[in-house]
Amino acid sequence: MRFAGKTCIVTGGGSGIGRATALQMAREGGRVVVADLQLAAAQATATEIAAAGGAAIASQVDVGNSAQVQATIASAVAQYGAIDAIVNDAAMMTFHPIVEIAEADFFHVIATNLGSVFLFTKYGVPHMRPGGAIVNVSSVHAHATTANVVPYASSKGAIEAFTRGAAIELAASKIRINAVAPGAVDTPMLRNNPNVKSGVEKVQGAIGKPEDLAAAICFLASDDAAFVNGTTLVVDGGRLDSLP
Ligand SMILES: NC(=O)c1ccc[n+]([C@@H]2O[C@H](COP(=O)([O-])OP(=O)(O)OC[C@H]3O[C@@H](n4cnc5c(N)ncnc54)[C@H](O)[C@@H]3O)[C@@H](O)[C@H]2O)c1
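Let me begin by describing the structure that accompanies this report. (Residues numbered from 1 in each chain as written. Predicted model: local features only at pLDDT ≥ 70, side-chain atom pairs only at ≥ 80, totals over all residues.)

**Regarding the overall build of the protein chain**
Turning to step 1, where the next piece is worked out: Of regular secondary structure, the protein chain possesses eight helices and nine strands.
Turning to step 2, where the next piece is worked out: Dimensions of the protein chain, computed from the C-alpha atoms along their principal axes, are close to 45 × 35 × 35 Å.
Turning to step 3, where the next piece is worked out: Within the span of the protein chain, comprising 244 residues, buried residues form 48% of the whole.
Turning to step 4, where the next piece is worked out: Restricting to contacts in the protein chain with at least 6 residues of sequence separation, those with at least 24 account for 72%. (Helix = DSSP H or I, 4+ residues; strand = E, 2+ residues; numbered from the N terminus. Buried ≥ 20, exposed ≤ 12 C-beta atoms within 10 Å, placed from the backbone. Contact = placed C-beta atoms within 7 Å.)

**Details of helix 2 (residues 39-51)**
Turning to step 1, where the next piece is worked out: Between its first and last C-alpha, helix 2 extends 18 Å over 13 residues, near the 18 Å set by a 1.5 Å rise per residue.
Turning to step 2, where the next piece is worked out: Listing the buried residues of helix 2 in full gives Ala41, Ala42, Thr45, Ala46 and Ile49. Projected onto a plane normal to the axis of helix 2, the buried residues spread over an arc of 135° and lie on a single side. Exposed residues lying more than 90 degrees from the buried face of helix 2 are Ala40 and Ala51.
Turning to step 3, where the next piece is worked out: Looking at the buried positions of helix 2, the neighbouring elements they touch are helix 1 (16-27), strand 2 (31-36) and strand 3 (55-60).
Turning to step 4, where the next piece is worked out: Directly beyond the C-terminal end of helix 2, a positive phi value near 90° is found at Gly53. (Expected span 1.5 Å × (residues − 1). Arc of directions from axis to C-beta.)

**Quick notes on the sheet that holds strand 4 (residues 83-88)**
Turning to step 1, where the next piece is worked out: With respect to topology, seven strands assemble into an open sheet ordered 3-2-1-4-5-6-9, the strand pairing being parallel. With partners counted over all chains shown, the strands left at the sheet margins are strand 3 and strand 9 (232-235), one partner each. Neighbour-to-neighbour, the strand axes of this sheet turn through a mean angle of 20°, independent of strand direction.
Turning to step 2, where the next piece is worked out: The pairing of strand 2 with strand 3 spans six bridges and is parallel. The residue of strand 3 that forms the bridge with Val32 is Ala56.
Turning to step 3, where the next piece is worked out: The sheet contacts of helix 5 (residues 150-170) involve strand 5 (128-137), strand 6 (176-182) and strand 9, and relative to strand 6 the element is tilted by about 165°. (Pairing = 2+ DSSP bridges. Axes fitted to C-alpha atoms, helices over the stretch in contact; angles between N-to-C directions.)

And the structure:
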């Protein structure tokens, strides 16, 4: 029960890795704020948690929108008190070459994937107890990528740099911040990825389950990882280690 008595915000908690993480944290005693753009999906996860005897609320949020992020944090504090864990999981992808993508679409990806990490750190940390932890969800695309996903790959690379720098700043408050870099994970995001469907991005059979990522995220968010700070844990079944 590593999250007993702890308040945990999980963005993207309505689907895939975020959903699995929210369920795992709740199973281990956490009071979970399931935050997602899709309210019905967030509510479904919160209902699943409650049906299993856990504690959760749903919060609709566009994680790239400052006012909405602040509202989600305020509702977490109002419902459960101080925050102990924030999982920045929500993200999006686009599939266009750099010279063709609309400026607004590039900046939308950056705001959603990277801006969200900034906003939840900026506005969440003042409400976090010492011993708290932030876990950011990066991607193997921060390390090796394909054509037409440069906004996504850039945002994920920046998340890992953000994580390193933020760890230095947050150490005095006794708050840790780490990242996971998933490989291919069986979620709607993977199944709907046109590069994966066409074979441009080869997943080579190494496909993980959302629960595999939830296990790593919960480790980093818990006191088991008390001496792990500012780092990125690659969770990809060894995919980055082998040549395509
Ligand atoms: N699935 C993979 O193969 C894979 C690989 C590497 C990294 N990742 C990362 O894992 C994380 C979760 O992805 P997933 O595969 O579970 O995807 P998913 O599509 O199953 O879930 C993503 C969730 O994020 C929500 N979301 C999207 N934009 C949002 C916004 N602006 N505000 C709030 N919520 C928003 C969606 O509604 C959805 O519920 C992402 O950061 C993704 O980049 C996934």
